[in-house]
Amino acid sequence: MNSSVDMKQLTRKRDLRIVFPVFLVSIIACLDRVNISYAALTMKQDLGWLTPEIYGVGASIFFFGYLLLEIPGSLVAARFSASKWIARIMFTWGLVCCFMAFMSTQFEFYLCRFLLGASEASLYPVIYSVLFPRWFMGKERARATSYMLTSLLLANIIGAPLSGVLLSTSIIGLAGWQELFILEAVPALLFAVFFFFFVPDRPDQASWLTDEEKAYLSKAYEEERAAMLKKKKYSVLKAFHDPKVLRLCVIYFLWVVGFWGFYFWMPTVLKQLSGLSTQLLGGAIAIPMMAALVVQVLIGRSSSRTGDKVWHVAGALFVGAVGLALSPHAPNTAVALVLICLSAIGIHASMGVWWTIPTTFLTGSAAAASIALINCCGNLGGLVGPYMMGWIKTNTGTFDLGYYIMGGAMFLAALLVLSIKYGFGFAAKKEKEEAPAVAEN
């Protein structure tokens, strides 16, 4: 450690100038991505063609657009500018979200959802693999990423009650669901301008760092990168063929089947179980999100302190599997909320730790492309989960089978996470040799 650098002060600066702006970006992204789940509570009254299956397709088609530009976008950001690319992402998705307020046909619904996904593609891979590694050392990234990803939960804590109010009022003379899309798009358009001009890509571009702090962070980044390249040098193509990267792809696919199946249908399911009004429903949804937020912060801090990643991720996934699988058996609203709390904890709590695993053995363009590939596989899960739930509801009359499938997918994901450390027949010898590289960070 450089004795001329005050690490507490440096951490505060980075948290305020890097983590906090990215945190706000993520809140806005999550609001604009999932507001369709709340808008669906009333928009079907104006759009008679919006059946559960069509809604499920529309929720899923977002991920087709995401898949199209995920890897190219990540490579562009790695080569040129992460912060400028993130600003571009925000501005274009804000425009598309505004357009969604005026859709009137099934085709327009599908087109807007596709364009929204294409606009947002590569946002999180760029943050995880390009922006944060330049600002935070490996041992710091679990904490920083976990703090940033509390945004997903806060977006729901804020967005659920806000959506309930907007859906039942008319501020500018449009239907509630139309105003929901427009008013939640405005922050993306405005904050994109701020992010473009005021969030630097690298420490040497930051006017708010001292020369000593710039040198310390730049040196730490280069030393970490050199150590990884010395252990094993990955090109983009080599990373795509690496067994560990491919295993992470499968894990995240299974995880996200549960994640987005839960998110896009949870308001509808809870409303059916509880009979709550739209306004009260938003407040009820905030409860499990608060629980997951607290656990996510604790897991991120615990992982950074102990160095363990595998058990922190797998343990949370097991909890989520239990919550999802038991949800169809909730006898009343109180039990349903408890199970939703378990589901939300399992889905969210270890996400910050999870995204630090690839950067323990990948760097540069290989890291950007591989994290984009992992995220692409997750987005395939995003295609499967929402559509599956809509199809099951349409053909069986209940969501029960869908919840069993989501719970099973997350349980299998947890077992595969444990295989990173223990092998279980998946190249155990190799994993044992490489495990210290993961544990060190």
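Values in this document were obtained by computation on a predicted structure and should not be read as measured data.

Would you mind showing me how to read the overall build of the chain here?
For the chain, the helix and strand inventory stands at 17 helices and 0 strands. Sorting the 441 residues of the chain into buried and exposed places 60% on the buried side. In the chain, the share of contacts with a sequence separation of at least 24, taken over all contacts with a separation of at least 6, comes to 83%.

Honestly, the environment of Val250 in this entry has me stumped. Any pointers?
Position of Val250 among the secondary structure elements: in helix α10 (residues 243-274). Taking the C-alpha atoms as reference points, Val250 and Ile374, 124 residues apart in sequence, are found 8.0 Å from one another.

What exactly am I supposed to notice about empty space enclosed by the protein here?
Any empty space left between atoms is shown by rolling a water-sized probe over those atoms. The full count for this structure, using the stated rule, is 5 cavities of 30 Å³ or more. Arg33, Tyr124, Leu152, Tyr252 and Trp260 are the residues nearest the centre of the largest cavity, which is lined by 19 residues in total. Taken together, the elements giving at least two residues each to the lining of the largest cavity come down to α1 (7-43), α5 (123-135), α6 (138-167), α10 and α15 (364-396). A per-element tally of the lining of the largest cavity places α10 first, with 5 residues. A breakdown of the residues in the lining of the largest cavity according to their chemical character gives 14 nonpolar, 3 polar and 2 charged.

What should I look at first to understand the packing of helix α2 (residues 52-79) against helix α4 (residues 106-120) in this one?
Working note: a packed helix pair is described by the angle between its axes plus the distance between those axes. Direction vectors running N to C along α2 and α4 enclose 35°, while the axes themselves pass 6 Å from each other. Relative to α4, α2 is oriented so that their crossing is right-handed. Contact with α2, carried on its side by Ile54, Tyr55, Val57, Gly58, Ala59, Ile61, Phe62, Phe64, Gly65, Tyr66, Leu68 and Leu69, involves Gln106, Phe109, Tyr110, Arg113, Phe114, Leu116, Gly117, Ala118 and Glu120 of α4 and no other residues of that element. Split into classes, the residues belonging to the contact of α2 with α4 amount to 15 nonpolar, 4 polar and 2 charged.

Sorry, what's going on with unusual backbone geometry here?
Note: most residues except glycine have negative phi, and most peptide bonds are trans. With a phi angle near 80°, Ser122 is a residue other than glycine that sits in the positive phi range. Along the chain, the position of Ser122 falls in the loop between α4 and α5. We classify Ser122 as buried; its relative accessible area is 0%.

Mind showing me how you'd approach the packing of aromatic side chains here?
Here a ring pair, both rings aromatic, is described through the centre-centre distance and the interplanar angle of the planes. Summed over the entire model, instances satisfying the criterion amount to 19 aromatic pairs. Ring centres 4.7 Å apart and planes at 15° place the aromatic pair Tyr128 and Trp355 in the stacked group. Of this pair, Tyr128 sits in helix α5 while Trp355 sits in the loop between α14 (351-354) and α15, placing them 227 residues apart in sequence. Like Trp355, Tyr128 is buried. With 4.9 Å between their ring centres and 75° between their planes, Tyr252 and Trp355 make a pair best called edge-to-face. In this pair, Tyr252 is assigned in helix α10 and Trp355 in the loop between α14 and α15, connecting sequence segments 103 residues apart. For the pair Tyr252 and Trp355, one class covers both residues: buried. Following the ring pairs from residue to residue traces out a cluster consisting of Tyr124, Tyr128, Tyr252, Trp255, Trp354 and Trp355. The ring centre of Phe196 lies 5.2 Å from the NZ or CZ of Lys84, which sits over that ring.

Looking at this structure, I do not really get the pattern of salt bridges. What am I missing?
A pair can form between side chains of opposite charge whenever their charged atoms are brought close. Taken as a whole, this structure holds 6 salt bridges when the rule is applied. Linking Lys13 and Glu213 is a salt bridge whose minimum nitrogen-to-oxygen distance equals 2.9 Å. Here Glu213 lies in helix α8 (residues 211-231) and Lys13 lies in helix α1, a separation of 200 residues in the sequence. In this structure, Glu140 and Arg14 form a salt bridge, with 2.8 Å as the shortest nitrogen-oxygen distance. Of this pair, Glu140 sits in helix α6 while Arg14 sits in helix α1, and the two are 126 residues apart along the sequence. You'll find Glu140 and Arg14 in the same group, each marked buried.

Help me understand the confidence of the model for the chain, please; the structure alone is not making it clear to me.
Detailed reading of predicted coordinates is not advised where the pLDDT is low. Looking at the chain, the pLDDT average stands at 82 and 86% of residues meet or exceed 70. When pLDDT is averaged over each helix and strand of the chain, the minimum, 37, is found for helix α17 (residues 428-439) and the maximum, 93, for helix α3 (residues 82-100). Low pLDDT, under 50, characterises residues 428-441; the stretch is placed with 21 contacts to residues that sit more than four places away or in other chains.

About the cut-offs
Residues numbered from 1 in each chain as written. Predicted model: local features only at pLDDT ≥ 70, side-chain atom pairs only at ≥ 80, totals over all residues. Heavy atoms only, no water. Helix = DSSP H or I, 4+ residues; strand = E, 2+ residues; numbered from the N terminus. Buried < 20%, exposed > 50% of the residue type's maximum accessible area, 1.4 Å probe, protein only. Contact = heavy atoms within 4.5 Å. 1 Å grid on protein atoms, 1.4 Å probe; cavity = no way out; pocket = protein on both sides within 12 Å on 5 of 7 lines; lining within 4 Å. Points joined across faces, edges and corners; volume = space filled by probe spheres on them. Nonpolar A, V, L, I, M, F, W, Y, C, P; charged D, E, K, R; others polar. Axes fitted to C-alpha atoms, helices over the stretch in contact; angles between N-to-C directions. Left-handed = near helix turned anticlockwise from the far one by under 90°. Phe/Tyr/Trp six-rings, centres within 6.5 Å; stacked < 30°, edge-to-face > 60°. Lys NZ or Arg CZ within 6 Å of the ring centre and 35° of its normal. Salt bridge = Lys/Arg side-chain N within 4 Å of Asp/Glu carboxyl O. pLDDT = per-residue confidence, 0-100.

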